Amino acid sequence: MSSTFSGDETAPFFGFLGAASALVFSCMGAAYGTAKSGVGVASMGVMRPELVMKSIVPVVMAGVLGIYGLIIAVIISTGINPKAKSYYLFDGYAHLSSGLACGLAGLSAGMAIGIVGDAGVRANAQQPKLFVGMILILIFAEALALYGLIVGIILSSRAGQSRAD
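Conventions and cut-offs
- Residues numbered from 1 in each chain as written.
- Predicted model: local features only at pLDDT ≥ 70, side-chain atom pairs only at ≥ 80, totals over all residues.
- Heavy atoms only, no water.
- Salt bridge = Lys/Arg side-chain N within 4 Å of Asp/Glu carboxyl O.
- Helix = DSSP H or I, 4+ residues; strand = E, 2+ residues; numbered from the N terminus.
- Buried < 20%, exposed > 50% of the residue type's maximum accessible area, 1.4 Å probe, protein only.
- UniProt positions renumbered as here; feature names shortened; annotations may be inferred.
- Core = buried A, V, L, I, M, F, W, Y, C linked by side-chain atoms within 4.5 Å.
- Phe/Tyr/Trp six-rings, centres within 6.5 Å; stacked < 30°, edge-to-face > 60°.

J.: I'd like a description of the pattern of salt bridges, backed by residues and values.
T.: Overall, the coordinates contain three salt bridges when judged by the stated rule. Salt-bridge contacts for Asp118 lead to Lys36; the nearest nitrogen and oxygen are separated by 3.6 Å. Here Lys36 lies in helix 1 (residues 11-47) and Asp118 lies in helix 3 (residues 89-126), a separation of 82 residues in the sequence. The class of Lys36 is partly exposed, set by a relative accessible area of 30%. A salt bridge links Arg48 to Glu50, with the shortest nitrogen-to-oxygen separation between them at 2.7 Å. Given a relative accessible area of 27%, Arg48 falls into the partly exposed group. A relative accessible area of 55% places Glu50 in the exposed class. One network of salt bridges, with partners in common, ties together Lys36, Asp118 and Arg122.

Dropping the structure here:
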């Protein structure tokens, strides 16, 4: 039986695993950050309902983490086409590491945003001067996911450079 596929037969598995892990882990971070900080907003809103819209910032920042994973998943999945171009294990591993870098960075950033968002909005309800500090901490937590996105883009661009076709 002849096959037109040239490259490594199992390589696309690792590439698709990278795309899935980018999206799944980033969305897990986004979900945790949204849920944890949302609980803080709801709890704070009972006593200070006028601050609810101002305190929704951590929820929005956590939601952005899922978009980072989606971007990497789309970049990876469009790069996997073994019928058009040879796809080797190097390419699969590059895509897997890209997805893991973005996904796990998004997961950890989501955990940080959730914890800081929960405590921050409750503290902001008691002392309004803490708002700027809370936002700065949230920005630094979001930057962790942005680092993962950047590294993921760089790693996924390495795919296809394993051999000269």
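J.: Would you mind going over the UniProt feature "domain: V-ATPase proteolipid subunit C-like" (unreviewed entry) in the chain in detail, with residue names and values included?
T.: The UniProt entry lists residues 17-76 and 97-155 under the feature "domain: V-ATPase proteolipid subunit C-like" (unreviewed entry), expressed in the numbering used here. Summarising residues 17-76: 85% helix, 0% strand, and an end-to-end C-alpha distance of 10 Å. Structurally, residues 97-155 is divided into 93% helix and 0% strand, and its ends, taken at the C-alpha atoms, are 7 Å apart.

J.: Which residues make up the nonpolar core, and what values go with them?
T.: A general tendency of soluble globular proteins is for nonpolar side chains to be buried together. Core analysis: the biggest nonpolar cluster contains 25 residues, and Leu65, Tyr68, Ile72, Ile113, Met134 and Leu138 have the highest contact counts within it. Among the elements of the structure, helix 1, helix 2 (57-78), helix 3 and helix 4 (131-158) are those that each provide at least two residues to this core.

J.: Requested: an account of the packing of aromatic side chains, with residues and values cited.
T.: In this structure the tally under the stated criterion is two aromatic pairs. Note on Phe13 and Phe14: the rings are 5.3 Å apart at their centroids and 75° apart in plane angle, and the pair reads as edge-to-face. Accessibility expressed as a relative area gives 52% for Phe13, which makes it exposed. Through successive ring pairs, a cluster of aromatic residues spans Phe13, Phe14 and Tyr93.

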